[in-house]
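As a plain string of letters, each chain reads:
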Amino acid sequence: MKFTEEHEWLRVEGDEVVVGITIHAAEQLGDVVFVELPDEGTTVSKDDEVVVIESVKAASDILAPVDGEITEVNSTLTDNPAMVNDDPQGEAWFFKMKVSDPSQMDEFMDEAAYQKFIG
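Residues numbered from 1 in each chain as written. Predicted model: local features only at pLDDT ≥ 70, side-chain atom pairs only at ≥ 80, totals over all residues. Heavy atoms only, no water.

An unreviewed UniProt entry annotates the protein chain as Glycine cleavage system H protein originating from Sulfitobacter sabulilitoris. UniProt, in the comment section headed Sequence similarities (unreviewed entry), describes the protein chain in these words: "Belongs to the GcvH family." Word for word, the UniProt comment on the protein chain under Subunit (unreviewed entry) is "The glycine cleavage system is composed of four proteins: P, T, L and H." (UniProt positions renumbered as here; feature names shortened; annotations may be inferred.)

Here you go:
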C-alpha cells in the first residue's frame, strides 16, 4: 500500500489502483453520513476533486491521487456511508482507476513513512 499526504491509500491490483482514505482520515472526519462517488468511465487528472464525503463534523473532498480513468466505484458506500468509519482501509474503498502514468505512484509514502508523517 502507498499513502498520500492527503491521507489517501492506494493499493495496486493488477493494472488498476484501488483508492480509499486512511484510518487516520476517517477518525478525523468523525461519523460519515454521506458519500458522493464519481461516475465510472470518468477521466481524471491528479488533484481533481473526485469524491465528496460529509460527516457530522465536516465536508471533505477526495482528490484523484494520479491521472487516469475511474473504472469502478464502491456503490455500497452510497447506501452505507458509515462503512468508511468501520473499515476505511478495507471494504470501504472509494474507487478503482486505471493509471495513465504509473511513475506518479513513486512519490507516495510507504506505511512506515506515513505513520511518521501523521506523528
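Read on for the rest.
> Would you mind showing me how to read the pattern of salt bridges here?
Any two side chains of opposite charge can pair if their charged atoms end up close together. The final tally for this structure, using the stated rule, is 5 salt bridges. The salt bridge involving Lys96 is made with Glu13; its shortest N-O contact spans 3.7 Å. With Lys96 in strand S9 (residues 95-99) and Glu13 in strand S2 (residues 8-13), this residue pair connects regions lying 83 residues apart in the sequence. For Glu13, a relative accessible area of 34% corresponds to the partly exposed category. With a closest N to O distance of 3.3 Å, Lys46 and Glu107 form a salt bridge. (Salt bridge = Lys/Arg side-chain N within 4 Å of Asp/Glu carboxyl O. Helix = DSSP H or I, 4+ residues; strand = E, 2+ residues; numbered from the N terminus. Buried < 20%, exposed > 50% of the residue type's maximum accessible area, 1.4 Å probe, protein only.)

> I keep staring at the packing of aromatic side chains and nothing clicks. Help me out?
Aromatic ring pairs: the centre-centre distance and the angle between the two ring planes describe each pair. Applying the stated rule across the entire model yields 2 aromatic pairs. With centroids separated by 4.9 Å and ring planes inclined at 15°, the aromatic side chains of Phe3 and Tyr114 adopt a geometry described as stacked. In this pair, Phe3 sits in strand S1 (residues 2-3) while Tyr114 sits in helix H4 (residues 111-118), placing the two residues 111 residues apart along the sequence. For the pair Phe3 and Tyr114, a shared accessibility class is recorded, and that class is buried. Judged by centre distance (6.3 Å) and plane angle (35°), the rings of Tyr114 and Phe117 are tilted. Taken as a pair, Tyr114 and Phe117 lie in helix H4 at a separation of 3 residues, close to a single helical turn. Assessed through its relative accessible area of 2%, Tyr114 is described here as buried. (Phe/Tyr/Trp six-rings, centres within 6.5 Å; stacked < 30°, edge-to-face > 60°.)

> What exactly am I supposed to notice about the UniProt feature "modified residue: N6-lipoyllysine" (unreviewed entry) in the protein chain here?
UniProt records the feature "modified residue: N6-lipoyllysine" (unreviewed entry) for Lys57 in the present numbering. Turning to its location among the elements, Lys57 is positioned in the loop between strand S6 (49-55) and strand S7 (59-63). Here Lys57 is in contact with Glu27, Gln28, Leu29 and Gly30, once residues within four sequence places are set aside. (Contact = heavy atoms within 4.5 Å.)

> Looking at this model, I keep getting lost on the pairing of strand S3 (residues 16-21). Mind explaining?
Side chains on a regular strand alternate between the two faces of the sheet. Burial analysis of S3 places 6 of its 6 residues in the buried class, the great majority of the element. With burial as the criterion, each face of S3 is covered, one bearing Glu16, Val18 and Gly20 and the other bearing Val17, Val19 and Ile21. In this sheet, S3 lies alongside S2 in antiparallel orientation, the contact comprising 6 bridges. The partner of Val12 across the bridge, within S3, is Val17. With antiparallel pairing between neighbouring strands as the criterion, S2 and S3 make up a hairpin whose turn holds 2 residues, including Gly14 at a positive phi of roughly 65°. Bridging between S3 and S9 involves 4 bridges; their strand directions are antiparallel. Note that in S9 the partner of Glu16 across the bridge is Lys98. (Pairing = 2+ DSSP bridges.)

> How should a nonpolar patch on the surface be read in this particular structure?
On the surface, a nonpolar cluster with roughly 270 Å² of combined accessible area is contributed by Val33, Phe34 and Val56. Mapping Val33 onto the fold places it in strand S4 (residues 32-36). (Patch = residues over 30% accessible without salt bridge, like charges linked within 9 Å, V, L, I, M, F, W, Y side chains within 5 Å. Areas by Shrake-Rupley, 256 points an atom, 1.4 Å probe, with all protein chains shown as cover.)

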